[in-house]
Amino acid sequence: MKRGTDQAFVTNNDSRITNTLSYPALDALLLFFSLNLALQPLVDPDFGWHLRAGLDLVQQGWRLPETDPYSHTVPDWLWVEHAWLTDGFIGLIYNGLGKTGPLGAILFFAAVTLGAFLTAAIPAQASRTYKLFAVSGALWVALPFLGARTQMVTLLGLALVLWLCRRFLAGGLLHLWVLPPLFLLWANLHGGFPAGLFTLTLALGASAAIRLVTSRWPSVADHLNEPTLAWPQIRHLALMIGLAALVTLINPYGWRLHLELYQSLTDRFMIEVLHEWQPVSLQSRAGLTYVTYLAALGIAVLFLYRRVEPIRWIILAVFLGLSLRHWRNVPFFLLVSVSLWAELLAELAVRASARFATGPARQKQWLLALTFAVAIGMALMGPDHLRSVLRSGLAPAEFFQGTDYPIEAVRWIREHRDSLGTRLYNDYGLGGFLLWWLPGEKIFIDGRMPAWRVGDRRIFYDYIALTNWDPPALGVLSKYGIDWAIVGRGSPLDRVLAGRREWQARYQDAKVSLYVRRQA
């Protein structure tokens, strides 16, 4: 049925076939499995500096530092902490829960992650069971990208934008006045808010193009399975996007936040070097898993998808392209594709039921068998993952003994700090960890700093010259006045320092070597 074009929406042909059958026991198992995936130990290299920033922010009465307080290499850098509010929440949780603070941080990020994927599944026209299947599958593929990462906040923000956008397109929302306050909060929680503005702009452009086409050729609307926005709704969407973009300037840094994001996103050296900015490849398990996911999705779409939904197509295609271009964008496409997967699974169930003439009773038997299969699979996986998460949250120092992080060296440093130097060198992946476990220590580099540059101090470039060049550019150590160093055991820099008379090895274990510069 079609309304007149002067109405707010033109409701078009929708040939969706959905399966509303659900099985509570299976749903509970799938939800538990998804939660199990969202719960991750505190091993992300950036968590440490986010935590330190949050703890200091709370201790200093929520006053943000003007320059970098954590490095001795670029202490005059005008630091823009684009996740300051999230860091503050982490600090409050960590302090407020005492010894269980680390576990509180784990639960916080797990809730944000799971909430993001569940929210992304809401618009799917499928039963709860198929939504949970889609969520658990997407989380499984996203495992290498999950954990205590502030980027999870942006995933939740994007999921909310997708949900609101779908409701508005379908006529479930008459206006989008919720967008400006949402983006005001998002811009202070995490610097990933441009992803939401980008998605809304894609929807706006596609909606305007569809309206132009259907105005010129009205018969086209009969073949669409998406509602077509009328011009008043398109103008309203454009206004809300403009207001949402404007309110992102309301943050402690004003326009400097946007400049910092632009400089980071356009730093060619950083993009060429950091793994998360590299294209997806098949040389890792994560790449193989993701490509397999895409292949399965492509086959399912080819055989089960017969709808014409140009706005959805455009958003999916753009995020797919971005995910293949940069590893860091893979979770975005997984999030965007969740609702499509839920509908494809529901469609598959309907077609299988029709082909094999199975009624509701037979379908419930299949779901019961599937429930047992999922339960057996989870039992075979064992409790090791949850034990690891609990150890990370309740006894992090013991947990880190079984990781590559040098918690043993940290203990030694605490006992011998007076005999060490004043200007530390550390590897890139250890900066955040050291800020967490050695409060007050000034570090050489951490995950905040790849795009930082003050005069001739281009810290990430200098770090790469010191660690990746052959031979290492040891002049970097003199440039920054380094007098003690923590380096990976067996690394090229470790081997070079071990052969230099001016450097004395003071501590070594299976993970790191610690050197002190000899006095002249």
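For the structure, check the block above.
Residues numbered from 1 in each chain as written. Predicted model: local features only at pLDDT ≥ 70, side-chain atom pairs only at ≥ 80, totals over all residues. Heavy atoms only, no water.

K.L.:
So what's going on with the overall build of the chain? Which residues, and what values?
P.N.:
The number of helices and strands found in the chain is 22 helices and six strands. If one aligns the C-alpha atoms of the chain with their principal axes, the spans along those axes are about 90 × 50 × 45 Å. Within the span of the chain, comprising 520 residues, buried residues form 53% of the whole. Considering only contacts within the chain whose residues lie at least 6 apart along the sequence, 73% involve residues at least 24 apart. (Helix = DSSP H or I, 4+ residues; strand = E, 2+ residues; numbered from the N terminus. Buried < 20%, exposed > 50% of the residue type's maximum accessible area, 1.4 Å probe, protein only. Contact = heavy atoms within 4.5 Å.)

K.L.:
Tell me what's going on with the pattern of salt bridges, and back it up with residues and numbers.
P.N.:
Pairs can form between side chains of opposite charge once their charged atoms are near each other. All chains considered together, the criterion is met by 19 salt bridges. For E309, the salt bridge identified is with R307, shortest N-O distance 3.6 Å. In this structure, the salt-bridge partner of R417 is E441, at a minimum N-O distance of 2.8 Å. Here E441 lies in the loop between α19 (431-437) and α20 (459-467) and R417 lies in the loop between α18 (407-416) and β3 (424-426), a separation of 24 residues in the sequence. The exposure class of R417 is partly exposed, given its relative accessible area of 24%. (Salt bridge = Lys/Arg side-chain N within 4 Å of Asp/Glu carboxyl O.)

K.L.:
Just give me the short version of the sheet that holds strand β4 (residues 484-488), but keep the residues and values in it.
P.N.:
In spatial order, the strands read β3-β4-β6-β5; together these four strands make up an open sheet with mixed pairing. Looking at the sheet topology across the chains shown, the edges are occupied by β3 and β5 (503-508). Neighbouring strand axes in the sheet, compared pairwise and without regard to direction, differ in orientation by 20° on average. For β5 and strand β6 (residues 512-517), the ladder comprises five bridges, and the chain directions are antiparallel. Bridge pairing in β6 places A505 opposite Y515. (Pairing = 2+ DSSP bridges. Axes fitted to C-alpha atoms, helices over the stretch in contact; angles between N-to-C directions.)

K.L.:
Break down unusual backbone geometry for me, citing the residues and quoting the values.
P.N.:
For the peptide bond that leads from D470 to P471, omega is 5°, which places it in the cis range. Among the structural elements, P471 can be located in the loop between α20 and α21 (475-479). Residue W62 is not a glycine yet carries a positive backbone phi of 65°. Mapped onto the secondary structure, W62 falls in the loop between α2 (47-59) and α3 (84-96).

K.L.:
A description of the environment of F333 should follow, citing residues and the corresponding values.
P.N.:
Relative to the elements of secondary structure, F333 occurs in helix α14 (residues 330-355). Assessed through its relative accessible area of 3%, F333 is described here as buried. Taking the C-alpha atoms as reference points, F333 and L320, 13 residues apart in sequence, are found 5.8 Å from one another. Leave out the neighbours within four places in its chain, and F333 touches Y290, Y293, L294, L297, L316, F319, L320 and S323.

K.L.:
Account for the pairing of β4, with residues named and values stated.
P.N.:
Burial runs high along β4: five of the five residues are buried. Covered by surrounding structure in β4 are W484, I486 and G488 together with A485 and V487, the residues of both alternating faces. Bridge count for β3 against β4 is three bridges, and the pairing is parallel. What sits directly across from N426, in β4, is I486. Across five bridges, the pairing between β4 and β6 is antiparallel.

K.L.:
Now, about the side chain of R448: what can you tell me, with residues and values included?
P.N.:
Structurally, R448 is set in the loop between α19 and α20. Residue classification places R448 among the buried positions, given a relative accessible area of 9%. A polar contact is formed between the side chain of R448 and the side chain of D68, at a distance of 2.6 Å. Setting aside its immediate chain neighbours within four residues, R448 contacts W49, D68, Y70, S71, W79 and I443. (Polar contact = N/O pair within 3.5 Å; in protein donor to acceptor, adjacent residues only side chain to side chain.)

K.L.:
I'd like a description of the packing of aromatic side chains, backed by residues and values.
P.N.:
With the rule as written, the count across this model stands at 30 aromatic pairs. Ring centres 5.3 Å apart and planes at 15° place the aromatic pair W77 and W452 in the stacked group. Placement of W77 in the loop between α2 and α3 and of W452 in the loop between α19 and α20 is noted, with a sequence separation of 375 residues between them. The pair formed by W77 and W452 is uniform in burial state, with each residue classed as buried. When the centroid spacing of 6.0 Å and the interplanar angle of 85° are considered together, the rings of F400 and W437 count as edge-to-face. Here F400, found in helix α17 (residues 396-400), pairs with W437, found in helix α19; they are 37 residues apart in sequence, far enough to count as distant. Of the two residues, F400 and W437, neither departs from the other in class, the shared state being buried. Among the aromatic residues, those joined into a ring-pair cluster are F269, Y425, Y428, F444, F460, Y461, Y463, W469 and Y480. Lying across the ring of W49, R448 places its NZ or CZ 5.9 Å from the centre. It is R448 that lies over the ring of W79; its NZ or CZ is 4.8 Å from the centre. (Phe/Tyr/Trp six-rings, centres within 6.5 Å; stacked < 30°, edge-to-face > 60°. Lys NZ or Arg CZ within 6 Å of the ring centre and 35° of its normal.)

K.L.:
Which residues make up the side chain of D462, and what are the values?
P.N.:
Here D462 is to be found in helix α20. The buried category is assigned to D462, whose relative accessible area is 8%.

K.L.:
Please set out helix α4 (residues 101-121) residue by residue, giving values where relevant.
P.N.:
If you check α4, its first and last C-alpha atoms are 31 Å apart, about what 21 residues at 1.5 Å a residue would give, namely 30 Å. Buried residues dominate α4, accounting for 16 of its 21 residues. (Expected span 1.5 Å × (residues − 1).)

K.L.:
Any details on the packing of α4 against α14? Residues and values, ideally.
P.N.:
Where α4 meets α14, the closest approach of the two axes is 7 Å, and the angle between their N-to-C directions is 40°. If you check the angle between α4 and α14, you find them oblique. Here α4 runs over α14; the crossing is right-handed. Between α4, through A116, F117, A120 and A121, and α14, the contact on the second element is made entirely by L334, L335, V338 and S339. Among the residues forming the contact of α4 with α14, the class breakdown is seven nonpolar, one polar and no charged. (Parallel < 35°, antiparallel > 145°, perpendicular 65-115°, else oblique. Left-handed = near helix turned anticlockwise from the far one by under 90°. Nonpolar A, V, L, I, M, F, W, Y, C, P; charged D, E, K, R; others polar.)

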